[in-house]
Amino acid sequence: MATPQNPQTFLEGIIAKRDGEELSEQFYSRFIHSIGEGVVPDYQVSAFLMAVYLRGLSEGEMLALTEGIVDSGKRIAFPNIKLPLVDKHSTGGVGDKVSFLVGPLVAACGVAVPLTAGRGLGHTGGTIDKLESIPGIKTQLSVEEMERVLAQAGWLIAAQGPELAPADGVLYRLRDATGTVASLPLIASSIMGKKLAVENDALVLDVKFGRGAFMAQVERARELGKAMVAIAEGAGRSCRALLTNMDQPLGFAVGNSLELGEAVKLLRALPGSPSDVVEVTLALGAQMLILAGIVEGEPEGRERLEEAWVKGWGYERLFSLVSAQGGDVSFIEDTEKFTEASKKTAFKAPRDGYIIAMDAYQIGELARSMGAGRESMEDEIDHSAGLVFSAKVGDEVEVGEELVELHFNRGSESDYLTRVEKAVLIGDEPPEELPLILEVLK
Ligand code: URA
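Residues numbered from 1 in each chain as written. Predicted model: local features only at pLDDT ≥ 70, side-chain atom pairs only at ≥ 80, totals over all residues. Heavy atoms only, no water.

Before going further, it helps to spend a moment on the domain arrangement of the protein. Domain boundaries in the protein define domain 1 (10-56), domain 2 (86-333) and domain 3 (340-427). Domain 1 and domain 3 are separated by 42 Å when their C-alpha centres are compared. (Domains from an automatic or database assignment.)

All right, on to a nonpolar patch on the surface then. Nonpolar side chains collect at one region of the surface, where Met 50, Tyr 53 and Leu 54 lie side by side and expose about 290 Å² of accessible area between them. Along the chain, Leu 54 falls in helix H3 (residues 42-55). Under the relative-accessibility criterion, Leu 54 is labelled exposed at 62%. (Patch = residues over 30% accessible without salt bridge, like charges linked within 9 Å, V, L, I, M, F, W, Y side chains within 5 Å. Areas by Shrake-Rupley, 256 points an atom, 1.4 Å probe, with all protein chains shown as cover. Salt bridge = Lys/Arg side-chain N within 4 Å of Asp/Glu carboxyl O. Helix = DSSP H or I, 4+ residues; strand = E, 2+ residues; numbered from the N terminus. Buried < 20%, exposed > 50% of the residue type's maximum accessible area, 1.4 Å probe, protein only.)

Neighbouring residues of the ligand: Leu 121, Tyr 172, Arg 175, Ile 187, Ser 190, Ile 191 and Lys 194. In the model, an oxygen atom of the ligand is placed 2.9 Å from a nitrogen or oxygen of the Arg 175 side chain. Ser 190 places a polar side-chain atom, nitrogen or oxygen, 2.7 Å from a nitrogen atom of the ligand. Of all elements in the fold, only helix H8 (166-178) and helix H9 (184-196) reach the threshold of two or more residues within the shell around the ligand. If one sorts the elements of the shell around the ligand by residue count, H9 sits on top with four residues. A class-by-class count of the residues in the shell around the ligand yields four nonpolar, one polar and two charged. (Near = heavy atom within 4 Å. Polar contact = N/O pair within 3.5 Å; in protein donor to acceptor, adjacent residues only side chain to side chain. Nonpolar A, V, L, I, M, F, W, Y, C, P; charged D, E, K, R; others polar.)

On to the packing of aromatic side chains, then. One pass over the full model with this rule turns up ten aromatic pairs. Between the aromatic rings of Phe 27 and Tyr 28, the centroid separation amounts to 5.4 Å while the plane-to-plane angle is 85 degrees, which identifies the pairing as edge-to-face. On the accessibility criterion, Tyr 28 (0% relative accessible area) is buried. Ring geometry for Phe 27 against Phe 31: centres 5.0 Å apart, planes inclined by 45 degrees, an arrangement best described as tilted. On the criterion of helical spacing, the pair formed by Phe 27 and Phe 31 is a turn pair, its members being four residues apart in helix H2 (residues 25-36). (Phe/Tyr/Trp six-rings, centres within 6.5 Å; stacked < 30°, edge-to-face > 60°.)

With that out of the way, let us pick up the environment of Ser 384. Relative to the elements of secondary structure, Ser 384 occurs in the loop between helix H16 (360-372) and strand S9 (386-389). Taking the C-alpha atoms as reference points, Ser 384 and Leu 258, separated by 126 residues in sequence, lie 6.8 Å from one another. When sequence neighbours within four positions are dropped, the list of residues in contact with Ser 384 reads Ser 257, Leu 258, Thr 339, Glu 340, Ala 341, His 407 and Asn 409. A distance of 2.8 Å separates the side chain of Ser 384 from the side chain of Asp 382, its partner in a polar contact. Looking at Ser 384, its side chain comes within polar contact range of the side chain of Asn 409, at 3.1 Å. (Contact = heavy atoms within 4.5 Å.)

Here we take up the sheet that holds strand S7 (residues 343-348). Ordered in space as S6-S9-S11-S7, the four strands form an open sheet in which the pairing is antiparallel. Pairing within the sheet leaves two strands with one partner each, and these edge strands are strand S6 (253-254) and S7. Bridge count between S9 and strand S11 (residues 402-408): four bridges; the pairing is antiparallel. Bridging from a neighbouring strand, Phe 389 pairs with Val 404 of S11. Running at roughly 135 degrees to S9, H16 makes contact with S6, S9 and S11 of the sheet. (Pairing = 2+ DSSP bridges. Axes fitted to C-alpha atoms, helices over the stretch in contact; angles between N-to-C directions.)

Here it is as structure tokens:
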């Protein structure tokens, strides 16, 4: 194989990538730092992004780009935490409230879980927006605060601040403006750049595929998962990725306080309740315990998590986190306290049959229009807006049965109901059952 090129100027790098050359580690470490400092003109960064979009990156280049993104900012370490540190990350979904369950449960099993998370992106929700439904909760934490919360609660949820991987901020803004968001190596290095900037021993990834995922096709999602595992391993972290289905929303609630309420109720209930949220939580959590060296295999991991769940230790850890991050814990004790939207309306089944699809992409976009997400970065989130489903794909329904409750403060009820009708399809036969968790990539 040809040796990677080592261009001395950024322009030479653009030309080499345009022509499909592989670029050296030194090139990435020299220039990604400069991008983070804002000294490379936007037009050159944009041209480089398009060249990467069209030509792709080798595994070595993806690692070098990711390391460059990490080195553009601060590295966060927790020298006083002696427990194994394991993080979890989802590539983005609709109704995904798993972090609020898996974080405290894994922490209750003796692992420190420093979750750094983002805000909603496009049609997908963000863990930080959801957590901020709790009055008083602080999500911008200093390194000292992160360490204190980890020591107190065993886990934390912190927003990825501007000091973390600033080059990703520049690249992301330009990707959005140049039609290059959907590039696999750019997504992988963007996610991993932020994840690897925070100290951990291991990382478990929830890579979504299906209608509501960024990578709808399973083959592309698998490729993304493999790329991210390779980057993590190349950077010396243990990593596994689960491929999970995002054709329909996860759980029953979509929208910030509605999702948090669902998560809290699930954490208080027994894990036996039939729920896709429970299944994804146990599967991800078991992998986290394996990588932390706490258990040997998945069955033992699930047992430990279920014990923590049944004994209420997960709930206790959630409570401790909210308290340690300055939130009003009475909202966790009584989720009915979350402010309700001023308007509610029900969508009823227009006919008898089986639910054959609940299009997660359209539902995510609808929740965003209702105020649960942002149309532009400056928009304020409406924490009370969203949808609560009372059925899932495969369920048999009768005409007139309530299937969805819509919660909103703005917009047109009839428009929302029309959009739900397009997203929730009812047919004569039950659909083929698709696996929720397709495989574990190592
Ligand atoms: N999440 C990120 O942080 N970056 C991407 O490119 C896509 C999802």
